[in-house]
Amino acid sequence: MGRMRKAGVTEKLLGYGILVLLAGMIGGILVKQQLFEPSLYQPRTHQQNQSSPPLSLPFFSTVPALFLPMTPPETFNKISLSDKIDGKAEAYLSAGFTQMACQRFSLKGTDIWLEAFCYTMANPQAAFSVFSLQKRSDAKPVPLVTHAYQSSGAVFLASGRYYLEVIPSTSSQEMPTSTQALCRAILETLPDESPEVSVEHLFPKENLVPGSISLHVKDAFSFSKMTDVYTAEYQWKGATFLLFVSRRDSPEAAKQLKRDYIHFFEEMDGERLEIAS
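The residue numbers shown here count from 1 along each chain, following its written sequence. pLDDT decides what is reported in this predicted model: residues at 70 or higher carry local features, side-chain atom pairs at 80 or more are listed and counted, and totals for whole chains, interfaces and linings draw on all residues regardless. Note: side-chain values were computed over all heavy atoms of the structure, leaving out hydrogens and water.

1. Looking at the environment of Ala65
Phase 1: With respect to the helices and strands, Ala65 occurs in the loop between α1 (9–35) and β1 (67–69).
Phase 2: Separated by 42 residues in the primary sequence, Ala65 and Leu107 place their C-alpha atoms 9.3 Å from one another. Under the scheme used here, helices are H or I runs from DSSP no shorter than 4 residues and strands are E runs no shorter than 2 residues, and both carry numbers assigned from the N terminus.

2. Comments concerning the sheet that holds strand β11 (residues 239–245)
Hydrogen bonding along the main chain pairs the strands of a sheet, whether they run parallel or antiparallel.
Phase 1: The sheet built from three strands is open, its strands ordered β9-β10-β11 with antiparallel pairing. A strand with exactly one partner marks an edge of an open sheet, and here the two such strands are β9 (214–216) and β11. Pairs of neighbouring strands in the sheet enclose a mean axial angle of 30 degrees, with direction left out of account.
Phase 2: Here a residue-residue contact requires only that any non-hydrogen atoms of the pair lie within 4.5 Å. Between the N-to-C directions of two axes lies an angle of 0 to 180 degrees, each axis being a line fitted to C-alpha atoms and, for a helix, fitted only over the stretch in contact. Along the sheet, helix α4 (residues 124–133) contacts β9 and β10 (229–236); its crossing angle with β9, the most-contacted strand, is approximately 115 degrees. Strands qualify as paired when DSSP identifies two bridges or more between them.

3. Digging into the packing of aromatic side chains
Phase 1: Side-chain rings of Phe, Tyr and Trp, where Trp is taken by its six-membered ring, are said to pair if the distance between their centres is within 6.5 Å; with planes under 30 degrees apart they count as stacked, over 60 as edge-to-face, and otherwise as tilted. Counting across every chain of the model gives 17 aromatic pairs.
Phase 2: Between the aromatic rings of Phe97 and Tyr119, the centroid separation amounts to 6.3 Å while the plane-to-plane angle is 70 degrees, which identifies the pairing as edge-to-face. In this pair, Phe97 sits in strand β3 (residues 97–107) while Tyr119 sits in strand β4 (residues 113–121), placing the two residues 22 residues apart along the sequence.
Phase 3: Overall, the relative accessible area of 3% leaves Phe97 in the buried class.
Phase 4: A centroid spacing of 6.2 Å and a plane angle of 40 degrees characterise the contact between Phe128 and Phe131, whose relative ring orientation is tilted. One end of the pair is Phe128 and the other is Phe131, both in helix α4 and three residues apart, which spans about a single turn. Think of it in three bands: with a 1.4 Å probe and only protein chains considered, a residue is buried below 20% of the maximum accessible area for its type, exposed above 50%, and partly exposed in between.

4. Digging into empty space enclosed by the protein
Phase 1: Grid points spaced at 1 Å over the protein atoms alone were grouped into cavities, where a 1.4 Å probe fits but cannot get out, and pockets, open sets with protein on both sides within 12 Å along at least five of seven lines, with lining residues defined by an atom within 4 Å of a point. Grid points are joined across faces, edges and corners, and a volume is the space filled by probe spheres set on the points. Overall, the coordinates contain two cavities of 30 Å³ or more when judged by the stated rule.
Phase 2: Of the voids in this model, the second largest cavity is the one considered here, and its volume is about 30 Å³.
Phase 3: Lining of the second largest cavity is provided by Pro124, Phe128, His147, Ala158, Gly160, Pro195, Glu196 and Val197.
Phase 4: Polarity classes work like this: nonpolar for Ala, Val, Leu, Ile, Met, Phe, Trp, Tyr, Cys and Pro, charged for Asp, Glu, Lys and Arg, and polar for all others, with Gly in that last group. When grouped by side-chain class, the residues that make up the lining of the second largest cavity number five nonpolar, two polar and one charged.

As structure tokens, this is what we get:
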């Protein structure tokens, strides 16, 4: 029988290297098992997004028989909102968005459909902000809540911390009655948990353009220090003016904001104008 050949230095080093590699692989597997998070490997849906709990309020549960559901209700959170309203999501997120529910309905006996969007905002001010800053130029008030209007058959309103849109597929003559009926049904499902935002007392009534009051939660006039700013339009002697007001924590804080705002304009080569009394 032949004698066994001793392993050479190269073979020994190669064997040690394989053992080290195997040990590293086993160690990595053990670490992965300790850090395993089952939720990361589950299918994600809008209703089950891990960033916020699902919307459970029955916004569309009691609609009149005139409206037939075309789609199941959907919910969207801060991460998924852009999937539904891409290009507009930032306006809601910056104002204080929480969640949005939507559903599409057909108008019984017709080929017309409507889609309802109910946005849950952080507070009534946030809801009023997105309502006021997106107001259409042809807005006509409707007697649903304090802040409500219709435009081309669609209805838009803010109630407490909720912002509601009901948008039809057509602007036919019967749509205002139908969209308002759907809005009333949805309003009845909203919790009566916060008062309406009162804004009319903030500005003088003389020469005020009706429905022109808006709220900028942040970055008003592209100035980062201008937060929670209410604006209103006035017409006087054929000209349109914009007035704004922002409550600060103290008189000194208000004076400092004024100085900072003036400096902001001066940095852009703005000039002060003397106004005759």
